[in-house]
Amino acid sequence: MTIVADVRPDLMPYYKDDCDPKNLAPLWEVLHTFARKTPKSDCQPYIWHYNEIRDTLMKSADLITAEQAERRVLILENPGMRGRYRVTTSLFAGLQLIMPGEIAPAHRHTQAALRFIVEGSGAYTAVDGEKTIMEEGDFVITPSWTWHDHGNETDTPMVWLDGLDVPLVETLDTTFAEPYPEPTHPTSRPAGDTLARYGMGLAPVDHQPQTANSPIFNYPYSRTREALETMRKAEEWDPCHGLKLRYVNPDNGQSAMPTLGTFMQLLPKGFETATYQSTDATVFSVVEGSGKSIIGDETFEWSKRDHFVVPCWAPQKHIANEDAVLFSFSDRPVQQTLGLWRENRGNA
Ligand code: 1HN
C-alpha cells in the first residue's frame, strides 16, 4: 500500500496540534504500517553456540544461588530486540542452571513454560503435585497457573532451555504470579503417574479433560527418539522437514499447551531441506548431530546444544552433516487458533 498524501499538507501540522492534546491521531498517516504485504518483525535470525556461552552460564552459579535468584536463567535475547527479554516477538527463551543441592523455590504464574533438557541428568521438576526426574532431550511442561519447583539432588549441574509465552501474556495484560509459602510444594502422586495414565495410548476409563493442557507433563526423549528411529525405516521424508513430529495433548490431539507448539525432527545425514517459510518464529535446540541452516541470507553452522532462532516468514533451509535431531518451539497453536498461521512450502 502506498502512503496516502495529505490533501492539505500545509494544514496537517495545525490539524495534528489540534488532535494531539485530545489523544487523537490520524490513521491515514500510519495505515501503511498496518496494511503490509508480508510481515515485518524486529526479530532477527541468530545462533547461540553452546561452547561459547556455557562458561558464562556456569559463572552465574558463583554470583547467586538458585534460591536467591528464584530462577537462575540467562535470557536468550534476540539481537533485534535487546532489553525486551525475548527471543521472538511473542516468546521468551532462557537457559536455566541448577547446581547440585539447589532448589528453585515453588511458585506459579499465568505464563506457560516448557523445559527442554540440554545438559545433565537426574534433577527433578515438580509440577502440580508430581515429580519427574529429567534426562537430556526430555520435554517437560508447566501449564499456566500450576505450582512448580525444581531441585537437583545429583552431583552434577543441570541445564535446560526454558520457553515461555511471557511476552504474549504481557501483551494481553494477563500476568499474575504467586510464590508458594514453602520452598517446595507437596507431592500428591508417585513419579511417572501421569505418563502411565495418559502417555501409553490409554486413559483412565472415566477421564474427563479438565484444561486445554496435556495431562502428560514429561515426554521422555527415549520414547521420542525411538519413534523417530522406527519411522525412518519407512523412508518417507518430507522435503521441507525431513521427519518431523509434533508433541500432542492426548486428550484432544492439539499441542501440549495451548500457547506453545513443540516439535522434534530428524534430518538424516546429507539431507537438505527445501526452502520453507512459516509465520511462527521458531526457536531450535540441537539435540544430536551437526549441520547448518540458511535463514534469510545468513548461514548458521550448528552442533549439539546450540540454540538458534528463525524469525517469522524468514526463508529457512536446513542441511544435516550427520544424522541430526532438532527440537523446536513456537507460538503456532495460538496463530492456528486465531486463523493467522501460514506457511509456504518450497517456493520462497
Ligand atoms: C519461570 O518461572 C521459570 O519456573 C523459568 O523455572 C523461566 C522466565 C520468566 C518468568 C518466569 C521457572 C522464567 C520464569
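Notes on the structure in this doc start here.

About the criteria used
Residues numbered from 1 in each chain as written. Predicted model: local features only at pLDDT ≥ 70, side-chain atom pairs only at ≥ 80, totals over all residues. Heavy atoms only, no water. Helix = DSSP H or I, 4+ residues; strand = E, 2+ residues; numbered from the N terminus. Rg over C-alpha atoms; globule rule 2.2 N^0.38 Å. Buried < 20%, exposed > 50% of the residue type's maximum accessible area, 1.4 Å probe, protein only. Contact = heavy atoms within 4.5 Å. Areas by Shrake-Rupley, 256 points an atom, 1.4 Å probe, with all protein chains shown as cover. Lys, Arg positive; Asp, Glu negative; His and termini not counted. Charge placed at Lys NZ, Arg CZ, Asp CG, Glu CD. Disulfide = S-S within 2.5 Å. Patch = residues over 30% accessible without salt bridge, like charges linked within 9 Å, V, L, I, M, F, W, Y side chains within 5 Å. Salt bridge = Lys/Arg side-chain N within 4 Å of Asp/Glu carboxyl O. Polar contact = N/O pair within 3.5 Å; in protein donor to acceptor, adjacent residues only side chain to side chain. Pairing = 2+ DSSP bridges. Axes fitted to C-alpha atoms, helices over the stretch in contact; angles between N-to-C directions.

Examining the overall build of the protein
Of the regular secondary structure elements, the protein holds eight helices and 22 strands. Taken over the C-alpha trace, the protein has a radius of gyration of 22 Å; the compact-globule value for 348 residues is 20 Å, and the two agree within 12%. Counting only C-alpha atoms, the protein reaches 75 × 50 × 50 Å along its principal axes. Buried positions account for 48% of the 348 residues belonging to the protein. Excluding contacts between residues fewer than 6 apart, the proportion of contacts in the protein whose partners are at least 24 apart in sequence is 75%. Working note: accessible area of the protein is about 17,400 Å², and carbon and sulfur atoms make up 54% of it. For the protein, the separation between the mean place of its 32 positive charges and that of its 48 negative charges on side chains is 4 Å.

Comments concerning the state of the cysteines
Tallying each qualifying case throughout the model produces zero disulfides. Cys 43 provides the cysteine sulfur closest to Cys 312, a residue in no disulfide bond, and the two sulfurs are 8.2 Å apart.

Quick notes on a nonpolar patch on the surface
On the surface, a cluster of nonpolar side chains totalling about 360 Å² of accessible area is made up of Leu 27, Val 30, Leu 31 and Phe 34. Topologically, Phe 34 is positioned in helix H2 (residues 31–34). Assessed through its relative accessible area of 59%, Phe 34 is described here as exposed.

Remarks on the environment of Asp 331
Summarising the element assignment, Asp 331 is placed in the loop between strand E21 (324–330) and helix H8 (332–337). Once the C-alpha coordinates of Asp 331 and Gly 137 are considered, the two residues, 194 residues apart in sequence, prove to be 20 Å apart. Once you skip the residues sitting within four places of it in the chain, Asp 331 turns out to touch Ser 90, Leu 91, Thr 259 and Asp 280. Polar contacts involving the side chain of Asp 331 include one to the side chain of Ser 90, which spans 2.7 Å. A distance of 2.9 Å separates the side chain of Asp 331 from the side chain of Gln 335, its partner in a polar contact.

Comments concerning the sheet that holds E21
The antiparallel open sheet is built from six strands, whose spatial order is E1-E19-E16-E21-E14-E13. Edge strands, defined here as strands with exactly one partner in the open sheet, are strand E1 (46–48) and strand E13 (243–246). Mean inter-strand twist for the sheet, computed between neighbouring axes without regard to direction, equals 20°. As judged from the four bridges shared by E13 and strand E14 (residues 261–267), these two strands associate in the antiparallel manner. The residue bridging Leu 245 from the neighbouring strand is Met 264, located in E14. The sheet contacts of helix H7 (residues 221–232) involve E13, E14, strand E16 (282–288) and E21, and relative to E14 the element is tilted by about 45°.

A word on the side chain of Glu 102
With respect to the element layout, Glu 102 can be found in the loop between strand E3 (92–98) and strand E4 (103–109). Glu 102 gets classed as buried once you look at its relative accessible area, which sits at 14%. Polar side-chain contacts of Glu 102 include one of 2.8 Å to the backbone nitrogen of Met 99. In this structure, Glu 102 is in contact with Thr 65, Ala 66, Arg 72, Leu 97, His 150, Gly 151 and Asn 152, ignoring residues within four places of it in sequence.

Interpretation note: all reported values are geometric properties and have no functional meaning in isolation.
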